[in-house]
Amino acid sequence: MKRSYLGEFEEIVLLTVAVLEGQAYGVALTHEIIEQTGRSVRLNQIHSALQRLEEKGMVKSEMGEPTAERGGRRKRLFTVTAYGRRTLQEIQEVRVTLWSRLLHPFKPATSL
Amino acid sequence: MSPQPRTGGPPRLADRLLERFCDPYTLEEMQGDLHEEFQYQVRRVGERQARWRYWRDVLGFLKLRARQSFTRKKQQNTYPTTPLISPDMLRNYLKIALRNLVKHKTYSAINIAGLATGMAVAMLIGLWIWDELSFNTYHKNYDRIAQVWQHQTSNGEVFTGKAIPFPLGKELQTKYGSSFQYVVMSSWEGEHFLSLGEKKITKEGSFMDVDAPRMLTLHMLKGSYDGLKEPNSILLSETTAQALFGDREPLNQLIKIDNKMDVRVTGVYEDVPHNAQYGKVKFIAPWELYVASEKWIQRARDNSHWGDNSFQLFVQIADNTDYESVNKRILNAKLNNVPANEKKFKAAIVLNPMRDWRLRSNWENGVKTGGMIDYVWLFGFIGLFVLLLACINFMNLSTARSEKRAKEVGIRKAVGSVRGQLVNQFFSESFLVVFFAFGLALLLVLLVLPWFNQVADKRITMLWTNPLFWTFGLGFTLFTGFVAGSYPALYLSSFQPVKVLKGTFRAGRFAAVPRKVLVVVQFTVSLALIIGTIIIYNQIQYSKNRPIGYNRDGLLMIEMKSPEFYGKFDLLRTELKNAGVIQELAESSSPITDVWSNSGGFHWQGKDPNLDTDFGTVWVTHEFGKTVGWQFKEGRDFSREFTSDSSAIVLNEAAVKFMNIKNPVGTVIRWGSGENMTEYKIIGVIKDMLMSSPYEPVKQTIYLMSYHNVNWINMKLNPAKSANECLTTIEAAFKKHIPTAPFDYKFADEEFGKKFAHEERIGKLATFFAGLAIFISCLGLFGLASFVAEQRTKEIGIRKVLGASVLNLWSLLSKDFVILVIIAFVIATPTAWYFMSHWLDQYEYRSEISWWIFVASGIGTLVVTLLTVSFQSIKAALINPVKSLRSE
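Everything numeric in this text was worked out from a predicted model, so none of it was measured. Per-chain numbering applies: the sequence of each chain, read as written, is numbered from 1 onward. Each chain gets a letter, beginning with A, and each ligand a number, beginning with 1, in the order they are written. Reporting in this predicted model follows two pLDDT cut-offs: at least 70 for local features of residues, and 80 or more for side-chain atom pairs to be given and counted; totals over whole chains, interfaces and linings ignore these cut-offs and use all residues. Hydrogens and waters are ignored; side-chain quantities use all the structure's heavy atoms.

## Notes on the overall build of chain A
(1) Moving on: Put simply, DSSP marks the helices as runs of H or I at least four residues long and the strands as runs of E at least two long, and each gets a number from the N terminus on. Scanning chain A for helices and strands turns up four helices and two strands.
(2) Moving on: Start at the N end of chain A and walk to the C end: the helices and strands fall as α-α-α-β-β-α.
(3) Moving on: Relative to the compact-globule value of 13 Å for 112 residues, chain A shows a C-alpha radius of gyration of 17 Å, a clear excess of over 25%.
(4) Moving on: Overall size of chain A, expressed as C-alpha extent along the three principal axes, is 55 × 35 × 20 Å.
(5) Moving on: Counting only contacts in chain A whose residues sit at least 6 apart along the sequence, the fraction spanning at least 24 positions is 52%.
(6) Moving on: When the accessible surface of chain A is summed, it comes to about 7100 Å², and 54% of that surface belongs to carbon and sulfur atoms.
(7) Moving on: Taking the 17 positively charged and 13 negatively charged side chains of chain A as two groups, their mean positions are separated by 5 Å. Here the globule rule reads 2.2 Å times residues to the power 0.38, and the radius of gyration is calculated from C-alpha atoms. A contact between two residues is defined here by any heavy atoms of the two lying within 4.5 Å. Only the protein chains shown count as covering a residue, and every accessible area follows the Shrake-Rupley method with a 1.4 Å probe. Note on charges: Lys and Arg go in the positive column, Asp and Glu in the negative column, and His and the chain ends are not counted at all. Charged side chains are reduced to one point each, which is NZ for Lys, CZ for Arg, CG for Asp and CD for Glu.

## A closer look at the pairing of strand β20 (residues 615-620) of chain B
Residue and element names in this part refer to chain B.
(1) Moving on: To sort residues, take the accessible area from a 1.4 Å probe on protein chains only and compare it with the maximum for the residue type: under 20% means buried, over 50% means exposed, and anything in between is partly exposed. Judged by how many residues are buried, β20 sits mostly within the fold: six of six residues are covered.
(2) Moving on: Along β20, one buried face is formed by F615, T617 and W619 and the opposite face, lined by G616, V618 and V620, is buried too.
(3) Moving on: Strand pairing follows a simple DSSP-based rule, namely that at least 2 bridges must link the two strands. The pairing of strand β18 (residues 598-599) with β20 spans two bridges and is antiparallel. Counted as the bridge partner of N598 is G616 from β20.
(4) Moving on: For β20 and strand β25 (residues 701-705), the ladder comprises five bridges, and the chain directions are parallel. Looking across to β25, one finds that V620 is bridged to M705.

## Details of the environment of F602(B)
Residues and elements named next belong to chain B.
(1) Moving on: For F602, the location among the structural elements is in strand β19 (residues 602-604).
(2) Moving on: Each C-alpha atom of the pair F602 and A241 lies 47 Å from the other, and the pair is 361 residues apart in sequence.
(3) Moving on: The residues touching F602, leaving out its near neighbours within four places in the chain, are K607, T613, F615, T617, I669, R670, W671 and I702.

## Considerations on the packing of aromatic side chains
All names here are of chain B.
(1) Moving on: Put simply, two rings from Phe, Tyr or Trp (the six-membered ring, in Trp's case) pair if the centres are within 6.5 Å, and we call them stacked under 30 degrees between planes, edge-to-face over 60, tilted for the rest. Within this structure, the stated rule accounts for 41 aromatic pairs over all chains.
(2) Moving on: Measuring from centroid to centroid gives 5.0 Å for W128 and F379, while their planes differ by 85°, and the two rings are edge-to-face. Linking W128 in helix α5 (residues 105-133) with F379 in helix α13 (residues 373-400), this pair joins segments that are 251 residues apart in sequence.
(3) Moving on: Residue class for W128 comes out buried when judged on its relative accessible area of 6%.
(4) Moving on: Taking 5.3 Å as the distance between ring centres and 45° as the angle between the ring planes, the aromatic pair formed by F734 and F743 counts as tilted.

## A word on a nonpolar patch on the surface
(1) Moving on: Patch definition: residues with relative accessible area over 30% and no salt bridge; like charges joined within 9 Å; nonpolar side chains (Val, Leu, Ile, Met, Phe, Trp, Tyr) joined within 5 Å. Criterion for a salt bridge: a side-chain nitrogen of Lys or Arg within 4 Å of a carboxyl oxygen of Asp or Glu. There is a patch of nonpolar side chains on the surface, built from W851(B), W852(B), V855(B), I859(B), V863(B) and L867(B) and spanning about 650 Å² of accessible area.
(2) Moving on: Locating I859(B) in the fold gives a position in helix α27 (residues 851-878).

## Brief notes about the nonpolar core
For soluble globular proteins, nonpolar side chains are generally found buried alongside one another.
All names here are of chain B.
(1) Moving on: Only buried Ala, Val, Leu, Ile, Met, Phe, Trp, Tyr and Cys residues count toward a nonpolar core, and they belong to the same one when joined by side-chain atoms within 4.5 Å. With 100 residues, the main nonpolar core has W128, F452, I592, W630, M689, Y703 and F769 as its most contacted residues.
(2) Moving on: It is α5 that provides the largest number of residues to this core, a total of 13 residues.
(3) Moving on: By size, the runner-up hydrophobic cluster in this structure holds 45 residues, among which are I201, F207, I257 and Y323.

## Some points on the interface of chain A and chain B
Interfaces are often sized by the amount of accessible area the parts lose when they come together.
(1) Moving on: Opposite the 20 residues of chain A that make contact, chain B presents 26 residues.
(2) Moving on: As a working definition, buried area equals the accessible area (1.4 Å probe) given up by two parts on being put together, with both sides summed. Approximately 2200 Å² of surface area, both sides summed, lies buried where chain A meets chain B, with 47% of it carried by carbon and sulfur atoms.
(3) Moving on: The interface formed by chain A and chain B includes five salt bridges.
(4) Moving on: Between E29(B) and R76(A) there is a salt bridge, and its shortest N-O distance comes to 2.3 Å.

## Concerning a negative patch on the surface
(1) Moving on: A surface patch of like charges, here negative, comprises E157(B), E364(B), E696(B) and E844(B).
(2) Moving on: Looking at the secondary structure, you find E696(B) in the loop between β24 (678-686) and β25.

## Structural notes on the pairing of strand β16 (residues 555-559) of chain B
Across a regular strand the side chains alternate sides, sitting on one face of the sheet and then on the other.
Residue and element names in this part refer to chain B.
(1) Moving on: For β16, the buried fraction is high: four of the five residues fall into the buried class.
(2) Moving on: Sheet topology places β16 next to strand β26 (residues 712-717); five bridges connect them, and they run antiparallel. The residue bridging E559 from the neighbouring strand is W712, located in β26.
(3) Moving on: Bridge count for β16 against strand β27 (residues 745-747) is three bridges, and the pairing is antiparallel. Paired with M557 across the strands is K746, a residue of β27.

## Concerning the pattern of salt bridges
Residues and elements named next belong to chain B.
(1) Moving on: Inspection of the entire model under this criterion finds 44 salt bridges over all chains.
(2) Moving on: One salt bridge connects K229 with D226, and the closest N-O pair in it is separated by 3.4 Å.
(3) Moving on: Note on K229: relative accessible area 57%, which makes it exposed.
(4) Moving on: Judged by relative accessible area, which is 34%, D226 ranks as partly exposed.
(5) Moving on: Where E584 meets K577, a salt bridge forms, and the shortest distance between an N and an O atom there is 3.2 Å.
(6) Moving on: E584 sits in the buried class, given a relative accessible area of 6%.
(7) Moving on: Judged by relative accessible area, K577 falls into the partly exposed class, the value being 33%.
(8) Moving on: Each member of the salt-bridge network shares a partner with another, and the members are R573, K577, E584, E623 and R640.

Right, here's the structure in full:
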């Protein structure tokens, strides 16, 4: 597969960017990811992941509107690029394929 | 939207930290996010907690920034950069450099030849200095060996000498023994002849105490360090043993020293190398033997003569001490022992360490003032200067060609060379030239070394196997390459491509100024060297032409080294006179070119009681005056007609002046002490006879009559016969009467000439260096002139077309250089004058520095300059203008 390697954390960030649909920026992403995954994620980790994703061409960004609670500063809004979308799809496909090939699918633990 | 709680806001310090260290492009979004998060956290967990989290996040961002800056840098250049020094580029640099060299053959030749000459000179001087500095290091205990000297005060002046009294050796050994490892008494090194049956050889040798071989750490080839234990033994150097015994076993063989001492060879040692004090000493015999050989030495021993300074003493200080403390301890070792009437001389004992023997043995009024080390410095400077001259040539020629190469630099820059690459290229060019020059210089040194050794009286060899030589050579080459290449590399690479390529590039009015300054420096150095050389030469000539007060033509001397010589005086004199080969024959206590004996304790009527009387004393036989041809100012010569002449003396003018007496002839002088007081009567005063140093005033000297105290036979050859014929007859007579001694004679004028050896050596070396300096300077001038001529070809063409004559053009081109030489002259004259008058100060009898020396060297340099420049300027002036103007 000839594409940039995507780390697990990056994948989650990328997916979350896609989920937030144009409203993805640092703080929003942080809170969303904390909520959804229960990890203790920090702002700088999100930022660095976003930078890496942008360098890899998975997301693109533009500056949004300034808000009062940001002290009049603009936010950088991220959207997933076509390449990013394809990458996410490919990852999903790989996983689905692998899951489907399980001869003995995992049974719910309750059956024990 | 919920109403905002009033807070103190996020921590200011953290904010500022972020502003200071974060990427300015992402600062806004980052700070925005942080602030938004802060507000959120304030609502959720309160301000205190929020501030803490804010700090945490800021630090997180700073960490991020650190990593970012690293990754960003890596990505700035999408192409792989070429390192400034890569093998490929290096090969390219060298190739281009080589092509450039071949393309401009004249420039390259001038550059390489000039640099090679400069480097060869520097290398020769380096070898010379190495040789001087490593003097005596052959001896393992080099650092702890010293000679014992003494200061003595006489008539208010401190004289320092290495002659010490006999009992001092024992004194140091018994009273101060703990300070010394070895105490070694020694005779003066002198020529003796060794005989094995019929075979006789004359060698320089020394009589020394038993510890000498151990102290000097001689390398014994046969026998042991204890070879001098028995009084009748001798240690031979390898070459001496070879000369006497050939391939036969020398050990335990019996030989004779000076026909009077029978000794057994107890050891053979490796020859001490030439650059050591003992390099000339070819055998060592026991001190005891020396003491036994002469009555006066035994007397000095038995009577503890503290006033008779006739011996040498060497010591090795003990390992646990140093010179300073030993010096302090033994300062009064002599003063404590001398009789009351000699206390006034304030004898002070001082150690002169071996490392100073060669280079720092001059004392002036009790203070060390240097010595040969001055010449080491001087020559070091000269070498550096000559090398500098060569480097200046290189720089000048390179910058002179800069306009030609400016286009090359422009294009290289335009197609993407960075400055570093250009610097590298120019440096590789200079290194290439320097390496060629280094090779050539090695060759030159090899060729010149035998001649140089002869002039400098050295036995320097190339230190091929010495890693230090190669380290030094390499460092020296790199240094030269760097110095010579630095200016072109930094100057040429600074050109701006736009200016150069637009064609508006002009070197500017002042571009030639550094070049001119360098030329002036060159000629200043050359001129100063020439002036110095002339002054040295002048001084030597002046001293050589000094009136000597006797006639040295056909004057021959033979040292009476063996007892056989004595008692043959009349026999030899009558026989040789009858044969008509000599005019006169006389004996004396000193050779005609030296005074071996100085004495004090003279008294006369009207003498200042505080005056320490110190006279040179020479014992002569009746016809000494006739033999050497001394000239009387008043009074008469010794005569056989007066029997009373056995107590007659002849003075020289200096002595009369020293004694401060009006009518010397007839004055009675008493000499001696107590009961031994003898009276002498002055019968004549001669004009000063120059017997010792030609640079010092003639010492007050007394000539006494004696047939016993003599060591030398002096003969005046018959001028009517050829010297060869005379010598054959004389040799035959000597062989007949003194069969066992070798016939070793010396001509007085040759011996006199030897006194100038040191100055002549320096003069020759200075001439050599000055010549090379001028050569190098002219080489540079030649290159510069050709460049200027070439640069102005068009101008010359136009001038010619408009009617300028060749003479006009010649003066146009030469004028600039003449001005530079004149400026150099103005700088060099006072500088040279200052240094040379300082040099002359060391001689009492010295020539004056007269104005013609400066004028002559100035005019000489000017002529050479004009000749050099004219070659190029006339060549340029003769070019057909059609040729130079056709293009364009």
